[in-house]
Amino acid sequence: MATDYYAVLGVRRDASQDEIKKAFRRLARELHPDVNPDPKTQERFKEINAAYEVLSDPQKKQVYDLGGDPLSQAGGGGAGGFGQGGFGNFSDIMDAFFGTSSQRGPRSRTRRGQDAMIRLEIDLNESAFGTTKDIQVDTAVVCTTCSGEGAAPGTSAQTCDMCRGRGEVSQVTRSFLGQVMTSRPCPQCQGFGTVVPTPCPECAGDGRIRSRRTLTVKIPAGVDNGTRIQLAGEGEVGPGGGPAGDLYVEIHELPHAVFQRRGDDLHCTVTVPMTAAALGTKVPLETLDALEEVDIRPGTQSGQSIPMHQRGITHLRGGGRGDLIVHVEVLTPTKMDAEQERLLREFSKLRGEERPTGQFQPGQQGLFSRLKDAFNGR
Ligand SMILES: [Zn+2]
Ligand SMILES: [Zn+2]
């Protein structure tokens, strides 16, 4: 037997898979070529890799325990060399370096603060053209009394005497597998490794206090209901004066009295009398830009739509704007007096429309083309 894999990993022959894994991780962290480029160390790293490759695989482990060399069978790597996989068990190595289970030592009192969100109501004009708003934010800021340290002025945090600053305490228990070492966060310092004997009276040791701030937010043109604007570092300061989280401003667009928004287009309906639709007219309309006129051409049908280009919402990305689409509804006269009715009958006689035959089509042609018009923006 060229190499004692158990000795290489520093585990007993009856070590559990868990213990083997832990031992490998510990050594891999120490000896990985990225951390320790010394050639001797690299040789040792190859050894622990080979040892782990064998001992972590129940089949190879069995071959090895019976006196064989599972690595020479597997890929001709030879004892102490690499098996098939080169730096095999790569995921275990990654685990050892980045895995959460490999984290040791006291945890920092300083942590990143939480993100916060605030809802902001704006009207359609502000969505269309953008605006600047002052908002009030209730948030956590660094305590100025202790500068985020959490200790009362003139005092400081001290190394925890229970864990000697390690932040964790170990306990050896006996089980049928043998001795098992477990560690848990130190109960005296909650894992921080330090204790604050006299907490800051202002923040009770948290390192931050609540405060109301006024922020100026720039709302770009083209935002929509639910758009979130990220303000980096404007969220809550973290415990121990840690870096602040981000603040998100969520846009809530208030409904407009006349215009309905669909994407970046605006829609509205104008009702005109039958005579005006037939003869044509101009109807004043307060658009987002100015007091303008909707040009109702002679012979306009009910359901027809009139686009007013570039009168909608500014596109959030890229220039240009959506359209304003005016849907026309023609009003049939009701409650006519005798004179009006007489004239209308005469008019209908002149047009030969006293007994119209009507034009029948399957389905709801009129409604369908109306919807199509709305989609095509015409
Ligand atoms: Zn304080
Ligand atoms: Zn402690």
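Definitions and cut-offs
- Residues numbered from 1 in each chain as written.
- Chains lettered and ligands numbered in written order.
- Predicted model: local features only at pLDDT ≥ 70, side-chain atom pairs only at ≥ 80, totals over all residues.
- Heavy atoms only, no water.
- Helix = DSSP H or I, 4+ residues; strand = E, 2+ residues; numbered from the N terminus.
- Expected span 1.5 Å × (residues − 1).
- Buried < 20%, exposed > 50% of the residue type's maximum accessible area, 1.4 Å probe, protein only.
- Contact = heavy atoms within 4.5 Å.
- 1 Å grid on protein atoms, 1.4 Å probe; cavity = no way out; pocket = protein on both sides within 12 Å on 5 of 7 lines; lining within 4 Å.
- Points joined across faces, edges and corners; volume = space filled by probe spheres on them.
- Nonpolar A, V, L, I, M, F, W, Y, C, P; charged D, E, K, R; others polar.
- Patch = residues over 30% accessible without salt bridge, like charges linked within 9 Å, V, L, I, M, F, W, Y side chains within 5 Å.
- Areas by Shrake-Rupley, 256 points an atom, 1.4 Å probe, with all protein chains shown as cover.
- Salt bridge = Lys/Arg side-chain N within 4 Å of Asp/Glu carboxyl O.
- Donors = N, O, S within 2.8 Å, 3.2 Å for Na, K, Ca; no water.
- Tetrahedral: all angles 85-135°; square planar, octahedral: opposite > 155°, others 65-115°.
- Phe/Tyr/Trp six-rings, centres within 6.5 Å; stacked < 30°, edge-to-face > 60°.
- Core = buried A, V, L, I, M, F, W, Y, C linked by side-chain atoms within 4.5 Å.
- Pairing = 2+ DSSP bridges.
- Axes fitted to C-alpha atoms, helices over the stretch in contact; angles between N-to-C directions.

So what exactly am I meant to see when it comes to helix α9 (residues 338–350) here?
For an α-helix the count is 3.6 residues per turn, leaving residues at separations of three or four pointing the same way. For α9, built from 13 residues, the straight-helix expectation of 18 Å at 1.5 Å per residue is met to within 8% by its first-to-last C-alpha distance of 18 Å. Positive phi shows up at G352, right after α9, with a value of about 65°.

Can you help me understand the environment of L285 in this one?
With respect to the helices and strands, L285 occurs in strand β12 (residues 281–286). A relative accessible area of 13% places L285 in the buried class. Between the alpha carbons of L285 and V326 there is a distance of 9.9 Å; along the sequence they are 41 residues apart. The contacts of L285, once residues within four sequence positions are left out, are F259, C268, A290, L291, E292, V294, M308, L324 and V326.

Help me out: how do you make sense of the layout of surface pockets in this one?
By rolling a water-sized probe across the atoms, one finds the places where empty space is left. Its boundaries defined by the atoms lining it, the second largest pocket holds a volume of some 630 Å³. Forming the walls of the second largest pocket are 16 residues, and the residues nearest its centre are M274, A278, F347, R351 and E353. At the level of secondary structure, the elements contributing two or more residues to the lining of the second largest pocket comprise α8 (274–279) and α9. Looking at the lining of the second largest pocket, the element that brings in the most residues is α8, giving five residues. A breakdown of the residues in the lining of the second largest pocket according to their chemical character gives nine nonpolar, five polar and two charged.

What should I look at first to understand a nonpolar patch on the surface in this one?
On the surface, a cluster of nonpolar side chains totalling about 310 Å² of accessible area is made up of M274, M336, L344 and F347. Position of M336 relative to the elements: it lies in the loop between β15 (324–331) and α9.

Just checking my understanding: could you explain the coordination of the zinc ion (ligand 2) for this structure?
For a metal with four donors in a tetrahedral arrangement, the ideal angle between donors is 109.5 degrees, while six donors in an octahedron ideally sit at 90 or 180 degrees. Summarising the metal site, the zinc ion (ligand 2) is bound by the protein donors C160 (SG), C163 (SG), C186 (SG) and C189 (SG), whose distances to it range over 2.2 to 2.3 Å. What the four donor atoms of the zinc ion (ligand 2) show is an angle range of 102 to 117° at the metal, which sorts the shape as tetrahedral. Along the chain, the residues donating to the zinc ion (ligand 2) fall in the pattern C-x2-C-x22-C-x2-C. Residue C163 is located in the loop between β3 (158–159) and β4 (168–175), and its partner C189 is located in the loop between β5 (178–185) and β6 (194–195); the two are separated by 26 residues in the primary sequence. Here C163 matches C189 in class, with each residue buried.

I keep staring at the coordination of the zinc ion (ligand 1) and nothing clicks. Help me out?
With distances of 2.3 Å, the protein atoms coordinating the zinc ion (ligand 1) are C143 (SG), C146 (SG), C200 (SG) and C203 (SG). Within one chain, the residues donating to the zinc ion (ligand 1) are spaced in sequence as C-x2-C-x53-C-x2-C. With C143 in the loop between β2 (131–142) and β3 and C203 in the loop between β6 and β7 (208–219), this pair connects stretches of sequence that are 60 residues apart. Neither C143 nor C203 differs from the other in exposure class; each is buried.

I would appreciate a short explanation of the packing of aromatic side chains in the present structure.
Aromatic rings considered in pairs are described by the distance between their centres and by the relative angle of their planes. With the rule as written, the count across this model stands at three aromatic pairs. Each ring, one from Y6 and one from Y64, has its centre 6.1 Å from the other, and the planes form 45°; the classification is tilted. Of this pair, Y6 sits in helix α1 (residues 5–9) while Y64 sits in helix α4 (residues 58–65); the two residues are 58 residues apart in sequence, bridging distant segments of the chain. Using a relative accessible area of 2% as the deciding quantity, one classes Y6 as buried. Between F24 and Y52 the ring centres are 4.0 Å apart and the planes differ by 10°, which places this aromatic pair in the stacked class. On the criterion of sequence distance, the pair formed by F24 in helix α2 (residues 17–31) and Y52 in helix α3 (residues 39–55) is long-range, its members being 28 residues apart. Of the two residues, F24 and Y52, neither departs from the other in class, the shared state being buried. Put simply, the rings of Y5, Y6 and Y64 touch in pairs and so form one group of aromatic residues.

Hey, could you run me through the environment of V8 in this one?
Relative to the helices and strands, V8 resides in helix α1. Separated by 15 residues in sequence, V8 and A23 have C-alpha atoms that sit 9.7 Å apart. Not counting chain neighbours up to four residues away, the residues in contact with V8 comprise T3, L27, R44, E47, I48 and A51.

I tried to follow the pattern of salt bridges on my own but got confused; where do I start?
Where charged atoms from two side chains of opposite charge come close, those side chains can pair. Inspection of every chain in the model, using the stated rule, returns 25 salt bridges. E250 is the salt-bridge partner of R228, the closest N and O atoms lying 3.0 Å from each other. Within this pair, whereas R228 is found in strand β8 (residues 228–231), its partner E250 is found in strand β9 (residues 247–253), the two being separated by 22 residues in sequence. Ionic pairing is found between E253 and R261, a salt bridge with its closest N-O pair at 2.6 Å. Neither E253 nor R261 differs from the other in exposure class; each is buried.

Would you mind going over the nonpolar core with me for this structure?
Nonpolar side chains tend toward joint burial in soluble globular proteins. Among the nonpolar cores identified, the biggest contains 21 residues, and Y5, L9, V11, I20, I48 and L55 are the most heavily contacted of them. When contributions to this core are tallied by element, the ones reaching two or more residues are α1, α2 and α3. Sorting elements by how many residues they give to this core places α3 first, with seven residues. Excluding anything up to four places from it in sequence, V11 contacts Y6, E19, I20 and A23. Ranked by size, the runner-up nonpolar core spans 20 residues in total, among them C268, A276, L288 and V328.

Before we go on, may I ask you to explain the sheet that holds strand β14 (residues 305–308) in this structure?
The pairing of strands in a sheet comes from backbone hydrogen bonds and takes either a parallel or an antiparallel form. With mixed pairing, four strands are arranged side by side in an open sheet as β10-β11-β15-β14. Strands with a single pairing partner mark the edges of an open sheet, and in this sheet they are β10 (260–262) and β14. Taking the axes of each pair of neighbouring strands and ignoring which way they run, one obtains an average angle of 30° across the sheet. Judged from the three bridges that link them, β10 and strand β11 (residues 265–273) form a sheet pairing that is antiparallel.

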